[in-house]
Each structure stands twice: as structure tokens, then as C-alpha cells.
Amino acid sequence: AAVQVAGSVPCRQSREAPREATPERGNGFRRLSARLCALRPDDSSSARTEIHLLFDQLISENYTEGSCVAPEDVSALLVQACQLVPLNQNHLVSKVSQLIHHLLNRLQVIVDEQHLDFLLAYTISAVHQCSSWTYMEILQALAALVYCNGSKCQKYLPELLGKTGLLLKLSDSAQSDPEVRRAAVHCMANLCLSVPGQPYLEEPYQNICFQAFLTILQSPKSSDMDDITFCMLLQNALKGIQSLLNGGRMKLTQTDELGALLAVLKKSMFHGLPGLNIEMPTVLYPTPLPQYDGRTPIKPQQSESSTSRPTLNKKKKSKVKPKKIQQGEEEEEKESSGEIEAAPVTGTGRVNLHEGNTWCPSSLGVQSLPLDGSGAAGKDGVSSPFSSSSWKRVSSSESDYSDAEGGMQSKMRSYQAKVRQGALVCFLSTIKSIEKKVLYGYWSAFIPDTPELGSPQSVSLMTLTLKDPSPKTRACALQVLSAILEGSKQFLSVAEDTNDHRRAFTPFSVMIASSIRELHRCLLLALVAESSSQTLTQIIKCLANLVSNAPYNRLKLSLLTKVWNQIKPYIRHKDVNVRVSSLTLLGAIVSTHAPLPEVQLLLQQPCSSGLSNSNSATPHLSPPDWWKKAPAGPSLEETSVSSPKGSSEPCWLIRLCISTVILPKEDSCSGSDAGSAAGSTYEPSPMRLEAFSNLPNDRQILCITVLLGLNDSKNRLVKAATSRALGVYVLFPCLRQDVIFVADTANAILMSLEDKSLNVRAKAAWSLGNLTDTLIVNMETPDPSFQEEFSGLLLLKMLRSAIEASKDKDKVKSNAVRALGNLLHFLQRSHVEKPTFAEIIEESIQALISTVLTEAAMKVRWNACYAMGNVFKNPALPLGTAPWTSQAYNALTSVVTSCKNFKVRIRSAAALSIPGKREQYGSVDQYARIWNALVTALQKSEDTTDFLEFKYCASLRTQICQALIHLLSLASSSDLPCIKETLELNGNMVQSYILQFLKSGAEGEGTGAPPSLQERDQMVRMALKHMGNVQAPTGDTARGAIMGFLEEILAVCFDSSGSQGALPGLTNQ
């Protein structure tokens, strides 16, 4: 009997393979497909036998890479196969399900929408009608079908994930078959996986899946489930949550929801770790105090100072030759921010599809992070169907249990390690989906503190870094720690331990300082003990993040010295990525906040100090003095780099950086496309301004020439670092007035601004902002020669590039609008009067207006408001008469009254107070709109739901009051009725805030030095004096009312300060 399923699709003959292809490729599939398409539904025993044999042959066919089988041919064949199998034939349904799973997995096919509808209806009907013993195979087929197709399954979601949905029912803990339960959870995880450009899973279904995954992670292992199946169940649940956080953009807004997730992630992070068994509360709550962290009694371990790890059954991994991969722009962005391993990656960003092999999300670059399954290869390990090399198989030599020892214990340890890795990857996604201020409430749950004398250290990310036997897991833990430390400068700035605190309680500042010290201690222990180059790279990157954010000026000395001395041997490690990260760490040390005496002493050490120390932690080093070799030619032999305080020996770090850039690639370099790029990724920005000016002239020219030359590099890391370095050099006082250098730098930056790499464009935009800052500084000097000599054509080119960059991603846009503001401020009247500039000026201002109003990152909008203020400073622009005037003011008034970020409001209020003439504010109606908006903003200056914004309330009121007084000091007689009307309605409120403005101390938020109390008083007096000089029409009462308002403010202010004769010469005007 024929199977009647709605929407059936007729089988189509497979397309002929291209004639250029090898004749044998795909022939077996096409031959078998033709035989299958020739069959017609038949319920006879012989027909069923023939179908069984055909399915077996299709499953056993050897499908190699490049089999020339079109995806639509595979989908059509599967539809025909399902049409031949009635749902009452359990064995055939099981076999066709195996065929769906096998072909989609082996040939890496994503089913198209035309055939998906039929196949989903068939498999769902099969679950409802077939015997329970077929569920495992049917669910495997369903998981393969929904992979990367979640957005196309909308009409089946109620049946799959509704209140009585079959996936919820089969994944419930009441399900008797643990393998079926695991397969159902796997289907749910694949449904949550989204593809860029396609709709996400709807929010109600996201919440249903999230709760299901969370329940699985919270539940203990049932008695009928074996350990490996339990590990695979946990891996699938973790993968599902990660997909929701990454692709579904799920937001964790509820404290209990986030706390419950963090609790299960911490528990899973230590799953199966030898010698450790922790108990966790159901929910972690944010608190600065140490969390409850109970542990079951275990045998005493080695002291914390021990650097050895468990070595029981530890196997020697076979080396895998690294493969070059093509990385997209998104991957570049992650790499630039330290999220991707610098070492070569095998298998380019894979996630598990079926119960197959390894999970290695693209957010982590460590090799083949395993998640699920038995080691089968293929589509099970794919993150995206669009990755150029995403279908490559993982060779069996990469398996964690592929050596001769084998056995269940080895396999068990491997699966447990995969759970820990999956939990860490999921934690990394969680960190990226929540705000840092929320994350730091859980600091003590994941970051170690110095243990009390005699008490065990609490388990933390450093426990994994020091004690996990798997290098992949250690690398994952370090990347999570790096993500937590990144951008933590403000949080860590409260740390202080310069004084001994002898109190009954431990202050928060001391607790944070203790955590910083413990992080230094543990990371340096890990550095000494690590043998894996990839993990070693992560340790050094993590140290660099810590050094960049720790407030060493508030901590006891010697922390940086210990890091410095430990890292020096690694700058000649055999692995190029270790050398690159070592240079980055040295750069972070030199760049620490304020010129620390400790760093100055370190720089004065002789070049041989610490570099010849043999260390067990650095077993693979290049020849000891490779970097001291002078290159061919006299350039470095005949000159020397001056070191601090006139030391006779050159500063070894400067010599190292220059020699790394200039010396040819060495044969000992490994793991990267170009060894010469290694040193170049270290940005030379920490070089002190005075240090550069003290270099000999020929050495200065050498540095500039090298940088301008490296800007043409094909290596995107080198190009990005060069762009940033040029942005630092253009700020040097000895270079910024050199028109030729500034012009050369501008052309180099503009070229990088068009690069396809987001990382390069972001660095170039930052440098363009710095370069335009230099233009403003030069404009304010008495000598006009720089402005006269600077090319007008280059200005046009810079404006056009900045306009295009303002449409780019936020990383580029924030500095592009800063550059636009500076360029429009720099334009001279001679430029503005030229027809060629008129159109570009209009476009530039429209770009700024658009950015002020857009829902972009707050940093972008802040910079746009700042840029608009810079535009208002240029008297050559037709502000007040140009058509764009009202649009610019309307954008700023919209922001000052409604933006949720108070720092952006402050900046917009500051921009509104910049024009110095009444005519620049435009018409009477425009002036009235600005005045009313500022009064409204003052009234709403405490309306916020974000507690962190309250600290900016006073600064916002200060800036608004300043703007209101400025407007009063410019008002014309036509403006007075509007001002009077507003004061009649809100006079008491405005008066109280202006009195606070006159009495309070200096407050400001990045808007320059706030006016002193005397200057504030003088501003009100000048406004009152201006009102007295306004020629009001006869019979007009507005002027008198406004003057009385101002006189009352001054009288109250001076009465409260005890002054006599407050208003001489003003009250009788």
C-alpha cells in the first residue's frame, strides 16, 4: 500500500555529474538512486526485501569527499525512499530513518525547504505510529533534518515543543529508555541552532527549550543510565543552551534564571575531574562575598604550590599536522579580541549534529573540542554549511582514546572531559550575553581568593587550569578567564592592598586585591607546568589581560617583576604563537597605568638579564641569542637604541621589536603563515613619547619607514597593528606638525580603512580619529602654516572615507564619527566656500545626525554627540541658516530628553551649549524647542531604572543648567515670551537645580573641566546683565519676570553664603 503523506514530492532523476569529474565519483549513488526511483509502492514480501537491500547498499556505499552528489538529489532520493515505506512496517521505517541519518551526515547535506516539509511530516508521523524500539533511529533522522533548518520548522513546533510535544515527552526524566531521551534532547539542541540571516526560534519555544536543558543539567544521573550516555546527555543540553545564547540572542534578564544557569555550569565544569567532587546550590546569587562551595570529603591532595597534574592513564597524543584554514571576517574579529586560539586549528569551528564526533564552536579555537558521540565523522561535527572547510573529517588520531591502551576507563575520561569543555564553552557564551556589571556580581564564584591559613582553596577556573589532565579543557578554562578579565579595569580599580588592613572584617577592596594576587600566583604556576604550546599561548594571553586591567599603582610591588622575569624566556620559544603572546604581555606591562617605577627599573635591566636562564618550562627554545643578531647592513650595527637614564647597554625590548620586524623569517618558526608576522602583532604604542623624541634621527626615520612599509602587508594582524601604531605616532609632538608625515599617515590609514578585515578597519578608524585630533591641535597653534599647506583634496578624501566608515559596524563607526566632527571643525572658510565641499559637508553632517539618532552602542552615540559639538565650534560653517541646522538641533534635543544612557545625555547637553551667537540657534521656534527640551531634560534628570546611571544625575543637571544659563545670555527679545511661559510652569524646579549648580562643587563627566563656583556665579550675572540690555517692546512683562527670576536666584545664593550687598548695580536696572 502506498504511504499517503501530505505534500509528497515526486522523485526526480539524479543529475549527470560534470564531465570533468572522475567518472567513478558518484556513479554508485546515481545507479542506486535510479533503481530506487524505478520502484513503486508494493506491500509484497519480495518488494520489501528489495527495498531493504537497496537501503543497505545506499548506506554501505563508499562516499568520499567530492562525490559530485548534488544536495537536491539526496533530498529527492530520501523523499522517494519514504514514499516506498508504509508506517506500519517498523523494520523498514527503522531502516529508512538510518538512511536519512547516514546520507545527510556523510554527504553533509542541509535539506532544502521543498523536501523538508514532507520528510518532517513523515518522521513525526512515524514517532506517533511506530513501535517504541524504532524511536532511536527516527529521532536520529529527525535531528539530521532539523539541523540548520529550525526557522523552516515553524509549523511543526507546536507538535514538537508544545505542552504535549513529542520531544518534550521523550526528553522527560520519566522516559524509560535513556538512549531515546538523549536523542530527543539532541533534536531539541539542533532545533535551537540558528543560521545567520534566518529567523530565530520564537521566544516562547526558546524558554521551553532552555528550561528543559536546565532541568537535565540539574538532575542527577538515574540508576538505569550508564555513565557515557549520561555524559552525552549533558553535552547535548549544554550545546542547546549555547545555541540559544549565541544564535537565538536569548537574554538572561532574571537573577534566578541566570543564577540557576551559572550553578549548573560550575557543577558541569568539574564533571568527572579526578579527585574532585563538588556540591552546588541550585542557584548562585550575585554577591561580593565567597559563595557556599561544599565538597565531599576526599583524600588529602598535594599542596597548592605543587605544579604537577594527575598523570594516571595519561596518554601521549599523536601529533596532527596543522591545516591552513580560511577564516571569515567574524572569526577575524574574535581573533583580534583574544577569543580565538592563535595556534593552528584542526576542523574549523565544528559543532555536533548527531551522536558523532567533536564539538568545537568557532568562538573557541582550541583543537576539536569534543562533545558528543562515539567517534564517527562527518556532518556530526559541523557548525555551518557555509564554511569552506567545515565538512572535513576529524582523523581518528585526534581521538582522546585512540591509543593502544583503549578500554572503557579511557573512553569514560574522554567523555567526562568533553562535558567539562562543553560547560566552559557554554559559560563563554553566557559571559558574552550578559552585561559585565552583572557578571562581576558572581566574581567570587569563579575567581580564586587567597585561601585562609590551613583551609582548602575554593574551586574556581584556576582549579581546572592547574589540575585538569586535558590540555583542551585547560585552554577552555583560560579563555573563559580571559573573557571575564577583558574590560574589567573599572571593576578591579577598587582593589588596594598597599596598607596592612587589621580590621574585624575584610574590606571589598582588599578582597579584590587578594583575588588579583592569587590570579598572578596561579597563572605563573600554570606557566611553569604547561607542556602544550596551545594552552601555553592561552596562559600568556590571560596574563596579558590581567596585566592590562589590574591597578598596580594600588597594589604591593613585585607582582609585575615576577611576571616579567617568568615571561622573558618565552620570547624565544619554538612556537611562534607563544612568542607573539609573550611580546603582547611585555607590551601590556610597559603600558600599565601611569609610569610605574617598577616598570622603569625592569626596562633598565641589561639585555641578557633573564634571557639565558634555562627553565624546565621552556623545553623547545630557539637558539639563545637569535634576536641579538644584527641584520645585514650597517643600519643596526652602527647605531644603538638609547636606554633609560643613559645606560651604556641598549634597551633590549626596543631592539628586540625592531629586529623582529626587520630580520628575515626564520626556519624555526612554526604554526603560522609567516614567522616575520610574529613580532609585528605586538603594537609599539607603549613607547613613551619622550623615548621616541630621544632616539637618534636616523632611528626615528627607520621606525617611520618600517611602519609605513608594513601597512601594505597581506597579513591582516600585521596590518591592524601597523594601523594602530601609526595612530600613536601621529600624536607625537615631534611628528604631528610635519605636514608630509601627517599626509603620508593619512593616506596609509585611508587605505586600511577599506580593508575587508573588520579588525584592520577598526584599528584604522581609531587612528583616523587620532590623526584628526592632531589637525585640531595644529589648528590651535599660532602658526597657520600647517592649515595652509595641508591638502584640500586629502581633506575631501578623508571626509568621504569617514562617511563610509560611519555606516560600518560599531567598532569602526565610533571612531569614524569622531573623525567627521574633527574634520568639519578643521575646515577653513576657504574650503567651505568651494562648491566641491558643499555637498560633502552636507553628507557628513547627515551622517552625524543619523548616528546620533540610531540605536547603536552608547559609545557610538556619545562620540556622535561629541562630534556634533565640534561641528558647532567652526564659525565658518553656516550654522543657523543652513537647512541641516534644525535637524542637528532636533537630534540633540531628542537625545537629551530620552536617551537611557546619562553620559550620552550629558554630551548632547554640552553640544547644545557650544554655539556662541544667538543667530546660530536659528529661528525663534528652534530656540524655543531647544529651551523647552533642556527644561524637560532637567525635570527628567532622575528618571532612570538603571541604578548605575544615578551617579551621573548630578553631572547631567550641572551640564543642563550650564546650557540653560548660556541660552539666557544669548536670548533676543523674541525669545522672552517662551522663556517666561516655561518659568511660570516649572520655575521652582529650574530655580532649585540652578541653586544646586551654584552651590555644589565641581562636577563633570568627560565634558572638560567644569566651571568653578566663581565662574558659575559669573555666568548667571552675565545672563542677568544681558537681559537688562535686551530691548523689549513697550508693555512687555517677560523681560522683568526673567530678570526677577535670576535676581532671586543670586539673592538666595548669596544670602545662604552670608555675603552682604549681593547685587550692587543690578537690582535698580
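Residues numbered from 1 in each chain as written. Predicted model: local features only at pLDDT ≥ 70, side-chain atom pairs only at ≥ 80, totals over all residues. Heavy atoms only, no water.

**Q** Tell me about the overall build of the protein chain, residues and numbers included.
**A** If you tally the helices and strands in the protein chain, you get 45 helices and two strands. A buried classification covers 56% of the 1069 residues belonging to the protein chain. Within the protein chain, counting contacts between residues at least 6 apart in sequence, those at least 24 apart form 74% of the total. With the model as given, the accessible surface of the protein chain reaches about 44,700 Å², and the carbon-plus-sulfur share is 52%. (Helix = DSSP H or I, 4+ residues; strand = E, 2+ residues; numbered from the N terminus. Buried < 20%, exposed > 50% of the residue type's maximum accessible area, 1.4 Å probe, protein only. Contact = heavy atoms within 4.5 Å. Areas by Shrake-Rupley, 256 points an atom, 1.4 Å probe, with all protein chains shown as cover.)

**Q** Describe helix α32 (residues 758–779), and please don't skip the residues or the numbers.
**A** Under the 1.5 Å per step criterion, the end-to-end length of α32 is 31 Å for 22 residues, consistent within 8% with the ideal 32 Å. Along α32, 18 of the 22 residues are buried, which leaves the element largely enclosed by surrounding structure. Capping of α32 at its N-terminal end is provided by Ser757; its side-chain oxygen lies 3.3 Å from the backbone amide nitrogen of Asn759. (Expected span 1.5 Å × (residues − 1). Polar contact = N/O pair within 3.5 Å; in protein donor to acceptor, adjacent residues only side chain to side chain.)

**Q** Mind laying out the pattern of salt bridges, listing which residues take part and the relevant values?
**A** A full pass over the atoms with the stated rule returns 17 salt bridges. The shortest N-O distance in the salt bridge between Arg420 and Asp468 comes to 2.6 Å. Here Arg420 is found in helix α14 (residues 407–433), whereas its partner Asp468 is found in the loop between α17 (461–467) and α18 (471–485), with 48 residues between them in sequence. Given the relative accessible area of 2%, Arg420 is considered buried. Glu496 serves as the salt-bridge partner of Arg554, at 3.3 Å between the closest nitrogen and oxygen. Taken as a pair, Arg554 in the loop between α21 (533–549) and α22 (559–567) and Glu496 in the loop between α19 (489–492) and α20 (508–529) lie far apart in primary sequence, 58 residues in all. Since its relative accessible area comes to 29%, Arg554 is described here as partly exposed. Classification of Glu496 as partly exposed rests on a relative accessible area of 26%. (Salt bridge = Lys/Arg side-chain N within 4 Å of Asp/Glu carboxyl O.)

**Q** An account of the side chain of Lys813 is requested, with residue identities and associated values reported.
**A** Tracing the backbone through its elements, the reader meets Lys813 in helix α35 (residues 810–826). Of the side chains with opposite charge, Asp810 lies nearest to the buried Lys813, which makes no salt bridge, at 4.1 Å. Here Lys813 is in contact with Ala805, Ser806, Asp808, Thr851 and Val860, once residues within four sequence places are set aside. (Lys, Arg positive; Asp, Glu negative; His and termini not counted.)

**Q** Can you break down the packing of aromatic side chains residue by residue, with the values?
**A** Tallying each qualifying case throughout the model produces 12 aromatic pairs. Ring centres 5.1 Å apart and planes at 55° place the aromatic pair Trp443 and Phe491 in the tilted group. Of this pair, Trp443 sits in helix α16 (residues 443–446) while Phe491 sits in helix α19, placing them 48 residues apart in sequence. Here Phe491 falls in the buried class, since its relative accessible area comes to 18%. Ring pairing ties together the aromatic residues Tyr440, Trp443, Phe491 and Phe508, which thus form one cluster. When the ring centre of Tyr415 is taken as reference, the NZ or CZ atom of Lys418 above it lies at 4.3 Å. In this structure, Arg724 packs its charged tip against the face of Trp766, placed 4.5 Å from the ring centre. (Phe/Tyr/Trp six-rings, centres within 6.5 Å; stacked < 30°, edge-to-face > 60°. Lys NZ or Arg CZ within 6 Å of the ring centre and 35° of its normal.)

**Q** So what's going on with the packing of α18 against α21? Residues and values would help.
**A** It is at 9 Å that the axes of α18 and α21 come closest, and there the two elements cross at 15°. Taken together, the axes of α18 and α21 are roughly parallel relative to one another. In the packing of α18 onto α21, the handedness of the crossing is left-handed. Counting all contacts with α18, which are made through Pro471, Arg474, Ala475, Leu478, Gln479, Leu481, Ser482 and Leu485, the residues of α21 involved are Thr535, Gln538, Ile539, Lys541, Cys542, Asn545, Leu546 and Asn549. Of the residues in the contact of α18 with α21, the class split is eight nonpolar, six polar and two charged. (Axes fitted to C-alpha atoms, helices over the stretch in contact; angles between N-to-C directions. Parallel < 35°, antiparallel > 145°, perpendicular 65-115°, else oblique. Left-handed = near helix turned anticlockwise from the far one by under 90°. Nonpolar A, V, L, I, M, F, W, Y, C, P; charged D, E, K, R; others polar.)

**Q** Tell me what's going on with unusual backbone geometry, and back it up with residues and numbers.
**A** Here Gln108, not a glycine, exhibits a phi torsion of approximately 55°, which is positive. Note on placement: Gln108 falls in the loop between α4 (90–106) and α5 (113–129). Located in the positive-phi region is Ser558, a residue other than glycine, with phi close to 95°. The residue Ser558 is located in the loop between α21 and α22 in this model. The partly exposed category is assigned to Ser558, whose relative accessible area is 31%.

**Q** Give me the side chain of Asn901: which residues, what numbers.
**A** Mapped onto the secondary structure, Asn901 falls in the loop between α39 (884–898) and α40 (902–912). Overall, the relative accessible area of 15% leaves Asn901 in the buried class. Here the side chain of Asn901 touches Lys903 through a polar contact of 3.0 Å, landing on its backbone nitrogen.

**Q** Describe the environment of Leu653, with residues and values.
**A** Here Leu653 is to be found in helix α25 (residues 652–662). Residue classification places Leu653 among the buried positions, given a relative accessible area of 6%.

**Q** Describe the environment of Ala721, naming the residues involved and giving the relevant values.
**A** Within the secondary structure, Ala721 is located in helix α29 (residues 716–729). Residue classification places Ala721 among the buried residues on the basis of a relative accessible area of 3%. With 39 residues separating them along the chain, Ala721 and Val760 place their C-alpha atoms 8.0 Å apart.

**Q** Talk me through helix α12 (residues 255–269); I want residue IDs and the actual numbers.
**A** Look at α12: 21 Å from first C-alpha to last across 15 residues, which is about the 21 Å you get at 1.5 Å a residue. Taken together, the buried positions of α12 are occupied by Glu257, Leu258, Gly259, Ala260, Leu261, Leu262, Ala263, Val264, Leu265, Lys266, Ser268 and Met269.

**Q** So what about the packing of helix α38 (residues 858–872) against α39? Which residues, and what values?
**A** Between α38 and α39, the least distance of the axes is 11 Å, while the angle of their chain directions is 140°. For the element pair α38 / α39, the angle class is oblique. Taken as a pair, α38 and α39 cross one another with a handedness that is left-handed. Two secondary-structure elements touch here, α38 through Arg861, Cys865, Met868 and Phe872 and α39 through Ala888, Tyr889, Leu892 and Val895. Its residues placed into classes, the contact of α38 with α39 shows seven nonpolar, no polar and one charged.

Shape descriptors only; they carry no functional weight alone.
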